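Listed here are the chains, written in short residue letters.
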Amino acid sequence: MKATKVLSAALLAASTAIMPVQSASLAVSQDAHPVPNVVLVHGAFADGSGWRGVYNELTQRRYRVTIVQNPLTSLADDVAATQRVLDRQDGPTILVGHSWGGSVITEAGIHSNVVGLVYVSALAPDVGESTAQQYQGFATPPEFVIDTQKDGFGFLSLEKFKAAFAHDVSDQEIPFLRDSQVPIDTAAFETKLTAAAWRTKPSWAVIATEDRAFDQAMLIYMAQRIGANITQVSASHSVFMTQPKVVADTIERAAKETARTIGQQ
């Protein structure tokens, strides 16, 4: 009995000694990332799985990453899906969008948890503008062809998919990406935005210099108009898949710079 009491006392003392160490470790983790949350929003013709490389990069750096699965049925539906995920974040969040996802984060980014925006070869309309309007005055690359179905949903042309969307993805991977496309209701491109988060929140942009879905001049114009800190990288429109480290580095820079701003307030 006496031995049992001694052992119990020893275990209690050991656990009490360990607890402050664990708390300190947790505190260090939180202090290391004052903006610990990242939400990733995919664009048209794809789904959230394309963010896997960026997800791996950021989670290895101890960020909490959540990926939105857009239904691509309307701007309102995609914004609702994004805000549903933002509601689940436990504090300051960097919101990231690729391509059409840029329009989505522009409207959804007014959410109170969002402290910064990252546009990855993405659209950035203003209030009262539609996504389609962003193309006005710019050339559409000939490789980028949308096959619109009778119900209004569009897929990228099967024949031009690699050239338009992912020319730097291996020939082994292209067939699966091409044949697993998620179509978008093209009416969404005509919907005018009711909010523009970039007007009140800092922005960063990653521009793929070999993007054949958007005119380079268009991407640069949009990024400069919103006052984004711009990073350019040699990549296709699928830069979010083919250059995960560059994208993750930009997201981390946004998190750190935003954290410094918050700390000065």
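Residues numbered from 1 in each chain as written. Predicted model: local features only at pLDDT ≥ 70, side-chain atom pairs only at ≥ 80, totals over all residues. Heavy atoms only, no water.

### Structural notes on the overall build of the protein chain
To keep it simple, the criterion reads: By the criteria applied, helices consist of DSSP H or I runs no shorter than four residues and strands consist of E runs no shorter than two, each listed in order from the N terminus. In this scheme, a residue with accessible area under 20% of its type's maximum is buried, one over 50% is exposed, and one in between is partly exposed, where area comes from a 1.4 Å probe on protein chains only. In what follows, residue pairs with any heavy atoms lying within 4.5 Å of each other are defined as contacts.
Assigned secondary structure in the protein chain consists of 9 helices and 9 strands. Across the 265 residues of the protein chain, 48% fall into the buried class. Of all intrachain contacts in the protein chain linking residues separated by at least 6 positions in sequence, the fraction that spans at least 24 positions is 70%.

### Describing the nonpolar core
To keep things clear, this is the line we draw: Buried residues of nine kinds, namely Ala, Val, Leu, Ile, Met, Phe, Trp, Tyr and Cys, make up a nonpolar core once their side-chain atoms join them within 4.5 Å.
Membership of the largest hydrophobic core comes to 48 residues, with the highest contact counts inside it found for Leu95, Trp100, Leu117 and Tyr119. When residues of this core are assigned to their parent elements, the largest contribution, 5 residues, is made by helix α3 (residues 75-86). Those residues in contact with Trp100, other than ones at most four positions away along the chain, are Gly43, Ala44, Leu72, Leu75, Asp78, Leu123, Thr131, Ile184, Ala188 and Phe189. With 26 residues, the next largest nonpolar core counts Val65, Val120, Trp204 and Val239 among its residues.

### Re the packing of α3 against helix α4 (residues 100-108)
Short version of the rule: Only the contacting stretch of a helix is used when fitting its axis, a line to C-alpha atoms as for every element, and angles between N-to-C directions run 0 to 180 degrees. Definitions for this section: a left-handed crossing has its near helix turned counterclockwise from the far helix by less than a right angle. A right-handed crossing has that turn clockwise. Each residue gets one label: Ala, Val, Leu, Ile, Met, Phe, Trp, Tyr, Cys and Pro are nonpolar, Asp, Glu, Lys and Arg are charged, and the others, such as Gly, are polar.
Contact geometry of α3 with α4 gives a least axis separation of 9 Å together with a crossing angle of 65°. In the crossing of α3 with α4, the sense of the turn from one axis to the other is right-handed. Between α3, through Leu75, Asp78, Val79, Thr82, Gln83 and Leu86, and α4, the contact on the second element is made entirely by Trp100, Ser103, Val104, Glu107 and Ala108. Within the contact of α3 with α4, the residues separate by chemical class into 6 nonpolar, 3 polar and 2 charged.

### Looking at the sheet that holds strand β8 (residues 203-208)
Applicable threshold: Pairing between strands is defined by DSSP: at least two bridges between them are needed.
The strand order β2-β1-β3-β4-β8-β9 describes an open sheet built from 6 strands, whose pairing is parallel. Since the sheet does not close on itself, it has two edges, and those belong to β2 (64-68) and β9 (229-233), each with one partner. The mean angle between the axes of side-by-side strands here comes to 20°, regardless of whether they run parallel or antiparallel. Contacting β1 (37-41) and β2, helix α2 (residues 52-60) runs over the sheet at an angle of about 160° to β2. Along the sheet, α4 makes contact with β1, β3 (93-98) and β4 (114-120), crossing β3 at roughly 145°.

### Some details on the packing of aromatic side chains
How two aromatic rings sit relative to each other is set out by the distance from centre to centre and by the angle between their planes. Note the cut-off: Aromatic contacts are taken between Phe, Tyr and Trp rings whose centres are within 6.5 Å, Trp giving its six-membered ring; a plane angle under 30 degrees counts as stacked, one over 60 as edge-to-face, and the others as tilted.
In total, this model carries 6 aromatic pairs according to the counting rule given. Judged by centre distance (5.2 Å) and plane angle (65°), the rings of Trp51 and Phe240 are edge-to-face. Taken as a pair, Trp51 in the loop between β1 and α2 and Phe240 in helix α8 (residues 239-242) lie far apart in primary sequence, 189 residues in all. Side by side, Trp51 and Phe240 carry an identical accessibility label, which is buried.

### A word on the sheet that holds strand β7 (residues 184-185)
Strand order in this open sheet of 3 strands is β5-β6-β7, and the pairing throughout is antiparallel. Taken across any chain shown, the strands that pair with only one partner, and hence form the sheet edges, are β5 (146-148) and β7. Across 2 bridges, the pairing between strand β6 (residues 153-156) and β7 is antiparallel. Note that in β7 the partner of Gly154 across the bridge is Ile184.

### Side note on the environment of Phe240
Residue classification places Phe240 among the buried positions, given a relative accessible area of 1%. Taking the C-alpha atoms as reference, Phe240 lies 9.3 Å from Ala208; in sequence the two are 32 residues apart. Apart from residues lying up to four places away in sequence, Phe240 is in contact with Gly50, Trp51, Val54, His98, Val120 and Val247.

### Concerning the confidence of the model for the protein chain
Heads up, the rule is: pLDDT expresses, on a scale from 0 to 100, how confident the predictor is about each individual residue.
Chain-level statistics for the protein chain give a pLDDT mean of 90 and a share of 87% at 70 or above. Contacts for the low-pLDDT stretch residues 1-31, under 50 throughout, to residues beyond four places or in other chains number 1 contact.

### Notes on the environment of Gln133
Here is the rule we go by: Within 3.5 Å is the distance limit for a polar contact, defined as a pair of N or O atoms, with the added protein rule that one can donate a hydrogen and the other accept it, and that residues adjacent in sequence qualify only through two side-chain atoms.
Relative to the assigned elements, Gln133 resides in the loop between β4 and β5. Judged by its relative accessible area of 30%, Gln133 falls in the partly exposed class. The sequence separation of Gln133 and Phe189 amounts to 56 residues, and the corresponding C-alpha distance is 8.5 Å. Setting aside anything within four residues of it in sequence, one finds Gln133 in contact with Gly128 and Lys192. At 2.8 Å, the side chain of Gln133 and the backbone nitrogen of Ser130 are in polar contact.

### Comments concerning α3
Rules: A helix is expected to reach a length of 1.5 Å times the quantity of its residues less one. This arc corresponds to the set of directions leading from the helix axis out to the C-beta atoms.
Taking 1.5 Å per residue as the helical rise, α3 with its 12 residues ought to reach 16 Å, and the 16 Å between its terminal C-alpha atoms agrees with that figure. Here α3 has its buried residues at Leu75, Asp78, Val79, Ala81, Thr82, Val85 and Leu86. Down the axis of α3, the buried side of the element spans an arc of 160°, and every buried residue falls inside it. Away from its buried face, by an angle of more than 90 degrees, α3 presents the exposed residues Ala76 and Arg84. On the buried face of α3, the contacting elements are β1, β2, β3, α4 and β4.

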